[in-house]
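# Working through the structure, step by step
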Amino acid sequence: MPRATGDLRRFLDTYRQVAASLFEPQSRLGVAGAMVGPVRLALGADRAVVYGPPMLPAAEADVLPTGPGGAAPAAATDAAAALVPLVGEPASGPASTEPALVAAAHRQRRVAGPLPEPGGEELVAIPLADGHGPIGVAVFAFAPDGEGPLEPSWFDALELECREAMERGRLWEVKAGLREQTRQDQVRLEASERRLRRVLDGLFLFVGLLSPDGTLLEANRAALDAGGLEPGDVVGKPFWDTYWWAWDEGVQAELRAAVARAAAGRPSRYDVQVRLGGGRLITIDFQLVPVPDDDGRITYLVPSGLDITDRKRQEAELEQRLRDEQRAREQAEALQQLAEALGAASSSDDVYDAVVHSAAAVVGAAFANLAVPTEDDTVIALRNGPGLPGDIAARWTTVPVDTATPLGMALRTAATVWAADPVAIAERFPTGAADADAAGLRALGAVPVVGAGGRVVAVIGLAWHEPRPLTPELQAALAALAAVVGQAVERAGRFDAERHVAQALQAVLLPAGLPQLGTMELTARYLAAESTLAVGGDWYECFTIDAGRVVLALGDVVGRGLEAAATVGQLRAAVAALANSVPGPGALLDRLDGFVRHFPGAICTTVVCVELAIDTGELRYACAGHPPPLLVRADGSTVMLEGGRSTPIGISAGPRPEATARLEPGERLVLYTDGLVERRGERIDVGFDRLRAAATANAGHREAAFLDGILAATVPQAAGDDVCVLAVHRHHARQRLAVSVREGAPGLAAARHGLRGWLEELGADPATVDEVVLAAGEAMGNAVEHAYLADPTPGDVLLEATMMGGVLELTVSDFGAWRREAAPGPRGRGLGLMRLVMDEVRLEPSPSGTKVTMRRSMEVQG
Amino acid sequence: MNELLQMASVERNGSVVWDVEGEIDLASAPAFERQVSDSGAEGRAVVVDLGRVRYLDSAGLASLVRLHLQLDQRGSKLKVVVADGSVARSTITLAALDQVIAVFASLDGALAA
């Protein structure tokens, strides 16, 4: 069976990988390719295939204001039968359920499956859509014995991600198409312009003759006819005072200057408007040329004009057209950039920022803001983009939903609200009219962003410096904008929720950091039940009580949900407070019995409590109604530690017994909650046997793989209970090193020296030692320098090194929040150096700190 | 003086020569950088012999880059001596810093250049 571990971290890791793979492709077919390649691998699927129409409908540039907003491409709505495998490997065999599953996913536009195949594979079908509607179906097939994550909610998330990727792909296609179209238009226009000039050059010519002082001596018939004039009307007058010119003082002055220049021997040529009969103005290409006699004296001036009104109009149109196209291109690019920024966003905050900074450019507006309703939908919080004067922006940070503002109205009606000019603004939205006027905003619009379930999740506000009617083209562009933003808001909300829950769970259920335990390596896993959102009652706690001893406690509170989480918090606090003042685990449980009198929610909690001597591996333990700890020997054989048993907390009388055992080098102790061994309708010893077999099978792995292997083998898919498991591995002294960097940078050298000594003792060759020490030094230096920016007291940085199976694993953990982006400058080299000398370098930031894991194969003696 | 790092300078052939021993990391790099920087004067090369440095990381590399730029601006010049096979040599080579900074295998070579 494919496994659903429900592990939040794994989910988020997978999700991140998937999102990254889907981000690259620049076409919808490319997205499909990514799905059968990297996405399939990230999901752990065995096989993947993308079905689509025999040919994807062309991505038309219809969302952009370039044309009359063509119809949406014909969506293959009820044409599931017409879907064919486009990329990947379709199911073979006549009995396959794949075609039916594909049809179902396509028709219902919902994730279909998991459905078992006759051959044992499990299939999940995910409907694919872009901004215009359904375009196909992706199928992922999981091998019967695979470990692929297969929780339905994951695939809903994936579907959303795919839809967004497809829309991005479509936008890339639009952009590519637009570029090609612009190029062709330009070629066509240039050709027609050349033709036009040829025609016009043979046409209508006005010619005249002036004396050098500008007096008109003669004009040709064409010029006189065009002006409705007779020679007597103009001949003998200064040329600039004639009917053609005497309609504008500027034009006249320009002509006088040209006459003066020509009289001095210099010709003029310029485009100018002259008056014809009936007052009509035309533009002429005007020339004034001096004519010298044989002695070189200027005797005449020859004015001539060619009617170029049509040419001018053509030029203006061409310019306008090019401007329009430029704008369309810029807007397409802005939409593309916004989609990219939104794709990279991992929180609502990121999404909102991207929107207010880029939305205006997408539709050619001067200003954009975003309004998000608060929980009770009475007030909207505004986030203003750049371009609004500070004092006005300060007045508009929140707005009651029921005021007459475009934003409030769009939120209430879920429809686009428009005020195309100042008059409309003043009439319909008097509240904001004065501020709009002061900010120079002459048109306002508000576009609702509709999320899942038809609820308006946000409103995009837009404003222009000039009146702006809501044309169909603009409407199409707004719809595209709202769709892109809507998907991002929805996805970001999911991220937010996951993150909040993960943080809440970690804060309540997991200790913030692990104690420093010498050769003891401590690893824990917590899996929530069924849904990642169900808060369970499983918990663990571990801390050192003095230099040589550590206490581990792991338990299961009755109940579920926030109530249980609160009890867990109280129990953990109680354990921590009591552990130092009691002589051992049995006594600690006795004290917890007393504690539950004050916190009745803790009655019937089961707890296992272990006190472990770090140097010797001696352990004392006691179980209050809890499954026994499992000891896993170096050779993989297992022992249940069945001593020290008593009833659950709150229902015991008298001192609780404890027992002792010893953890030898190479051995592991595993504490767990009953979700690991209990299955409905199954005897408990079957569960214990399964756990022991899984422990044996995975004993050769490192800690993470050891625990994951056990969980995969023991926790049923869609587990009904949550699960907590904690393992302590006592390494041979030679295999394990753990040192702390204290007091920041001055402590780095001591930690490096510890590592160097340990590596030399292992027998690593000197060059390798230098390189590994360098990598560790860089990682620790980075942690010291970056981890504690918010908190100036340097916290601890923990360096752990483990040698197992010919591979050295180094981890450097800090417990401060790293700056999200690496510090600029030469310090950035650190990571590069680590990557150069180690085989593998992985950075895992989390809310509580950052962990760097590095691996390198190494030859050592013995 | 930082225990991590010992450094002493002598004057040779009109150049300042720093003999550096120990470890250059986040903690000791600032002192290293300051001392070398203070010794640079116009027309006088600064030779830094890192042959006996047992540890050099990106904090130290960053100092070298800054020193190189600073001294260059003052009409001086930074020359780094790292014997073949030394720890500093391999770090500098790894980071490809030898393409930026004048690196020599021996002190004599650096003084002659």
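Please read these numbers as outputs of a predicted model, since none were measured by experiment.

## Focus on the packing of helix α8 (residues 309–344) of chain A against helix α9 (residues 348–362) of chain A
Residue and element names in this part refer to chain A. The N-to-C vectors of α8 and α9 enclose an angle of 175 degrees; their axes lie 9 Å apart at closest approach. In this view, α8 runs roughly antiparallel relative to α9, as classed from their interaxial angle. Across the interface between the two elements, Gln331, Ala334, Leu335, Leu338, Ala341 and Leu342 of α8 pack against Val351, Ala354, Val355, Ser358, Ala361 and Val362 of α9. For the contact of α8 with α9, the residue count by class is 10 nonpolar, two polar and no charged.

## Observations regarding the environment of A:Val852
Residue and element names in this part refer to chain A. Looking at where Val852 falls in the secondary structure, it is placed in strand β32 (residues 849–857). Taking relative accessible area as the criterion, Val852 reaches 3% and is therefore assigned buried. Along the backbone, Val852 and Ser813 are 39 residues apart, and their C-alpha atoms lie at a distance of 6.3 Å. With residues near it in sequence (within four places) discarded, Val852 still touches Ala779, Leu810, Thr811, Val812, Met834, Val841, Arg842 and Leu843.

## Concerning helix α2 (residues 28–43) of chain A
Residues and elements named next belong to chain A. At Met35, α2 shows its strongest bend, of approximately 40 degrees, with the proline Pro38 following within four residues. Every buried residue of α2 is listed here: Arg28, Val31, Ala32, Ala34, Met35, Val36, Gly37, Val39, Ala42 and Leu43. Phi turns positive, to about 75 degrees, at Gly44, one or two residues after α2.

## Some remarks on the interface of chain A and chain B
It is common to report an interface's size as the accessible area lost on association of the parts. Every contact between the two is made by 22 residues of chain A and, on the other side, 18 residues of chain B. Carbon and sulfur atoms supply 63% of the area that chain A and chain B bury against each other, a total of about 1600 Å² over both sides. Viewed at the interface, chain B and chain A are joined by two salt bridges. Summed over the shared surface of chain A and chain B, the number is four residue pairs in polar contact (both at pLDDT 80 or more). Elements with a contribution of two residues or more to the side of chain A that touches chain B: α19 (748–762), α20 (766–786) and α21 (829–837) of chain A.

## Examining the nonpolar core
A general feature of soluble globular proteins is that nonpolar side chains tend to end up buried together. Among the nonpolar cores identified, the biggest contains 68 residues, and A:Leu755, A:Leu810, B:Val20, B:Phe32 and B:Leu50 are the most heavily contacted of them. Examining the composition of this core, we find that 10 residues originate from one element, α20(A), more than from any other. When near neighbours in sequence (up to four residues on either side) are disregarded, A:Leu810 contacts A:Leu755, A:Val772, A:Ala776, A:Leu799, A:Glu800, A:Ala801, A:Met838, A:Val852, A:Thr853 and A:Met854.

## A short note on the pattern of salt bridges
Considering all chains together, one arrives at 33 salt bridges over all chains under this definition. Its salt-bridge partner being A:Glu703, residue A:Arg668 comes within 2.8 Å of it at the nearest N-O pair. Taken as a pair, A:Arg668 in strand β26 (residues 668–672) and A:Glu703 in helix α18 (residues 703–714) lie far apart in primary sequence, 35 residues in all. Comparing A:Arg668 with A:Glu703, the two get one shared label, buried. For B:Asp84, the salt bridge goes to B:Arg89, with nearest N and O atoms at 3.7 Å. Note on B:Asp84: relative accessible area 61%, which makes it exposed. Its relative accessible area of 23% is what places B:Arg89 among the partly exposed residues.

## Looking at the confidence of the model for chain A
Overall, the predicted model of chain A reaches an average pLDDT of 79, with 83% of residues at or above 70. Across residues 818–827 of chain A the pLDDT falls below 50, and counting only partners more than four positions away or on other chains, this stretch makes 19 contacts in the model.

## A few points about α19(A)
Given 3.6 residues to a turn, an α-helix orients residues that are three or four positions apart in the same direction. Look at α19(A): 21 Å from first C-alpha to last across 15 residues, which is about the 21 Å you get at 1.5 Å a residue. Within α19(A), burial applies to A:Leu748, A:Ala749, A:Ala751, A:Arg752, A:Leu755, A:Trp758, A:Leu759 and A:Leu762. Those residues of α19(A) that are buried are in contact with β28 (736–741), α20, β29 (797–804) and β30 (807–814) of chain A together with β2 (15–24) and β3 (45–56) of chain B. Remark: A:Gly763 follows α19(A) within two positions and exhibits a positive phi of approximately 90 degrees.

## Focus: empty space enclosed by the protein
Residue and element names in this part refer to chain A. A complete count under the given rule lists eight cavities of 30 Å³ or more for this structure. Of the volumes computed, that of the largest cavity is approximately 330 Å³. In terms of lining, the largest cavity is formed by 26 residues, of which the most central are Phe367, Asn369, Trp396, Leu407 and Leu444. Of all elements in the fold, only β11 (367–373), β12 (379–384), α11 (406–413), α13 (430–438), β15 (443–450) and β16 (456–464) reach the threshold of two or more residues within the lining of the largest cavity. For the lining of the largest cavity, the leading source of residues is α13, giving four residues. A class-by-class count of the residues in the lining of the largest cavity yields 19 nonpolar, six polar and one charged. Taken as a whole, the second largest cavity encloses approximately 180 Å³ of empty space. In this structure, the second largest cavity is lined by 18 residues; those nearest its centre are Phe206, Ala223, Phe239, Trp244 and Trp245. Counting residues per element, the ones that place at least two in the lining of the second largest cavity are β6 (205–210), β7 (216–219), α5 (221–227), β9 (281–292) and β10 (298–307).

## Details of the packing of aromatic side chains
Residues and elements named next belong to chain A. By the definition in use, this model includes five aromatic pairs over all chains. Pairing Phe239 with Trp244 gives two aromatic rings, centres 6.3 Å apart and planes at 65 degrees, and the pair type is edge-to-face. Judged by relative accessible area, which is 7%, Trp244 ranks as buried. Judged by centre distance (5.5 Å) and plane angle (65 degrees), the rings of Phe239 and Trp245 are edge-to-face. Side by side, Phe239 and Trp245 carry an identical accessibility label, which is buried. Here the basic side chain of Arg275 rests over the ring of Tyr243, its NZ or CZ set 4.1 Å away from the ring centre. Taking the ring centre of Phe706 as reference, the NZ or CZ of Arg668 above it sits at 3.9 Å.

## Structural notes on a nonpolar patch on the surface
Residue and element names in this part refer to chain A. Side chains of Leu217, Val291 and Tyr300 sit close together on the surface and give an oily, nonpolar patch of about 220 Å² of accessible area. Tracing the chain through its elements places Val291 in strand β9. The class of Val291 is partly exposed, set by a relative accessible area of 31%.

## Some points on the packing of helix α17 (residues 684–698) of chain A against α18(A)
All names here are of chain A. Where α17 contacts α18, the axes come no closer than 9 Å and their chain directions differ by 145 degrees. Two packed elements cross with a definite hand, and for α17 against α18 that hand is right-handed. The segment α17 lies against α18, with Arg690, Leu691, Ala694, Ala695 and Asn698 engaging Ala705, Phe706, Gly709, Ile710, Ala713 and Thr714. For the contact of α17 with α18, the per-class residue count stands at seven nonpolar, three polar and one charged.

## Quick word on the sheet that holds strand β13 (residues 398–400) of chain A
All names here are of chain A. Sheet architecture is open: six strands sit in the order β13-β12-β11-β16-β15-β14, paired in antiparallel fashion. Only two strands of the sheet have a single partner each, and these edge strands are β13 and β14 (417–419). Within this sheet the neighbouring strands show an average axis-to-axis angle of 20 degrees, counted without direction. Bridging between β11 and β12 involves five bridges; their strand directions are antiparallel. Paired with Pro373 across the bridge in β12 is Ile380. Along the sheet, α9 contacts β11, β12 and β16; its crossing angle with β11, the most-contacted strand, is approximately 150 degrees.

## Considering the environment of A:Ala95
Residue and element names in this part refer to chain A. Along the chain, Ala95 turns up in the loop between β2 (84–88) and α3 (98–108). Residue Ala95 is classed as exposed on the basis of its relative accessible area, which comes to 53%. Residues Ala95 and Pro118, spaced 23 residues apart in sequence, show a C-alpha to C-alpha distance of 7.0 Å.

Rules of the game
- Residues numbered from 1 in each chain as written.
- Chains lettered and ligands numbered in written order.
- Predicted model: local features only at pLDDT ≥ 70, side-chain atom pairs only at ≥ 80, totals over all residues.
- Heavy atoms only, no water.
- Axes fitted to C-alpha atoms, helices over the stretch in contact; angles between N-to-C directions.
- Helix = DSSP H or I, 4+ residues; strand = E, 2+ residues; numbered from the N terminus.
- Parallel < 35°, antiparallel > 145°, perpendicular 65-115°, else oblique.
- Contact = heavy atoms within 4.5 Å.
- Nonpolar A, V, L, I, M, F, W, Y, C, P; charged D, E, K, R; others polar.
- Buried < 20%, exposed > 50% of the residue type's maximum accessible area, 1.4 Å probe, protein only.
- Bend = angle between axes of the 7 residues up to and from the residue.
- Buried area = accessible area lost by both parts, 1.4 Å probe.
- Salt bridge = Lys/Arg side-chain N within 4 Å of Asp/Glu carboxyl O.
- Polar contact = N/O pair within 3.5 Å; in protein donor to acceptor, adjacent residues only side chain to side chain.
- Core = buried A, V, L, I, M, F, W, Y, C linked by side-chain atoms within 4.5 Å.
- pLDDT = per-residue confidence, 0-100.
- Expected span 1.5 Å × (residues − 1).
- 1 Å grid on protein atoms, 1.4 Å probe; cavity = no way out; pocket = protein on both sides within 12 Å on 5 of 7 lines; lining within 4 Å.
- Points joined across faces, edges and corners; volume = space filled by probe spheres on them.
- Phe/Tyr/Trp six-rings, centres within 6.5 Å; stacked < 30°, edge-to-face > 60°.
- Lys NZ or Arg CZ within 6 Å of the ring centre and 35° of its normal.
- Patch = residues over 30% accessible without salt bridge, like charges linked within 9 Å, V, L, I, M, F, W, Y side chains within 5 Å.
- Areas by Shrake-Rupley, 256 points an atom, 1.4 Å probe, with all protein chains shown as cover.
- Left-handed = near helix turned anticlockwise from the far one by under 90°.
- Pairing = 2+ DSSP bridges.

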